[in-house]
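Spelled out from the first residue to the last, the chains are:
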Amino acid sequence: LLYTAKIIALPILEWVKNHRDVLKAEWAGSLRRGKETIGDIDILCVAKDGEKVIEDFVKKWGKREILAKGKTKGSIITEEGIQVDLRVVNKNEFGSALQYFTGSKNHNIELREFALKKGYTINEYGIFKIGEKEKQIGGKEEKEIYETLGMEWIPPELREARGEIEAALKGELPELVKLKDIKGDLHIHSKYSDGANSILEIAKEAEKLGYEWIVIADHSMSLKVAGGVSIEDLKKKKKEIEEINKKTKVLVIYGTEVDILDDGNLDYPEDVLKDFDFVIAAIHTGFKQPQEKITNRVIKALSNPYVDMFAHPTGRLIGKRDGYEINLDKVLEVAKKYKKLIEINAFPERQDLQDFYCKKAKEMGILLGIGTDAHSISQLYYMDIGVTVARRGWLEKRNILNTFTKKEISDYIKKRKKRGV
């Protein structure tokens, strides 16, 4: 998983950057592109003494196994069983090597084909004018590769051969959302259902993250396995949130993750639903139902005036459980019709909505929201994964509700609570 790969790769990359002989270093490959799952971890560096760096690298990190140790490349298996390759490249070739080893394969093929038409050739050593191969035109910095071809530098997350080269040539690449743009988290569980922390503890941690607001969205009453909140306990929860909001900087929003029942109705009656400030609808049961039934359940739920967002749209858990059969194209049409949000669930095993559907939702004018689905305060830091999915989906600040300020989200809720808008 992307999150696991980052945890493994970050200390290694920091160690490489801080090595006395290293001038610069960066990770590459699918990790740099932010793919939902990662194979090997690739790190590139420029060094004064590359052989010494490789020797120290394999000694420090190859505790489980050393696969290769040469003058310019070392390859090891970490204690977690992940392969990490470190390559030392010349300083004048760092940018071209970074571009080459970042990929994707399809992006690089399209880029090379375009370069050939313009009279250039590209490889890991640089960009060259055809007929003058001994003369490198660019390659020290990655942006030189793209600029030589008359296009904008393309963010790594977009390099999947999905129209990014055409957009870069026209100067029409999106200004991708960044983690620093995020003002709040739309999907957090507290002790009221199956979360590990109190609402106050969550609010304090959110304040450390620099958030302006959070949505506490505990499970609804029928999901007993997840400690679904009874209607009686909801009154207590709402009162607690009102008290917390008197003494914290972070606005705590009274929400719920309400189950979509077998017939498409919701797990709380409408007089309870209308009292929430933010309602997330989700499927947790009936995964093996036919596509038409699952899809119709969701469509009916989205037509409910009190629902704000549809959570983890496919229900998948990467590497553990396939998602349910659902016609997301139909669901997106209904979300557009009723002006409902679709969630990007940032939980590492979910990463759901997938990036290509994020791009489609954006093109349809559907607002998306990122929820960590956190069940402990440590999981609030999954937001980074959700932002990466959003970036791979070409999303900008304006496409994501999480970038709203406290005042903007408050105004949005007031408007939505009229339930006719």
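Analysis parameters
- Residues numbered from 1 in each chain as written.
- Predicted model: local features only at pLDDT ≥ 70, side-chain atom pairs only at ≥ 80, totals over all residues.
- Heavy atoms only, no water.
- Pairing = 2+ DSSP bridges.
- Helix = DSSP H or I, 4+ residues; strand = E, 2+ residues; numbered from the N terminus.
- Contact = heavy atoms within 4.5 Å.
- Axes fitted to C-alpha atoms, helices over the stretch in contact; angles between N-to-C directions.
- 1 Å grid on protein atoms, 1.4 Å probe; cavity = no way out; pocket = protein on both sides within 12 Å on 5 of 7 lines; lining within 4 Å.
- Points joined across faces, edges and corners; volume = space filled by probe spheres on them.
- Nonpolar A, V, L, I, M, F, W, Y, C, P; charged D, E, K, R; others polar.

**Topic: the sheet that holds strand β10 (residues 213-219)**
Spatially, the 7 strands line up as an open sheet ordered β9-β10-β11-β12-β13-β14-β15, and their pairing is parallel. Where the open sheet ends on each side, the last strands, each with one partner, are β9 (184-188) and β15 (368-371). The pairing of strand β11 (residues 251-259) with strand β12 (residues 278-282) spans 5 bridges and is parallel. The residue bridging glycine 255 from the neighbouring strand is phenylalanine 278, located in β12. Relative to the sheet, helix α8 (residues 199-208) contacts β9, β10 and β11, its axis offset from that of β10 by approximately 145 degrees.

**A closer look at the sheet that holds strand β2 (residues 41-47)**
The mixed open sheet is built from 5 strands, whose spatial order is β1-β2-β5-β4-β3. The open sheet is flanked by β1 (22-27) and β3 (65-69), the only strands paired with a single partner. In this sheet, neighbouring strand axes are inclined to one another by 15 degrees on average, regardless of whether the strands run parallel or antiparallel. Bridge count between β2 and strand β5 (residues 83-88): 5 bridges; the pairing is parallel.

**Digging into the layout of surface pockets**
A probe as big as a water molecule, rolled over the atoms, marks out the empty space that is left. The volume enclosed by the largest pocket comes to roughly 370 Å³. Around the largest pocket sit 16 residues that line it, and Lys339, Lys340, Gly365, Leu367 and Tyr412 are the ones nearest its centre. Those elements that place two or more of their residues in the lining of the largest pocket are α12 (328-338) and α15 (406-416). It is α15 that provides the largest number of residues to the lining of the largest pocket, a total of 4 residues. Split by residue class, the lining of the largest pocket holds 6 nonpolar, 2 polar and 8 charged.

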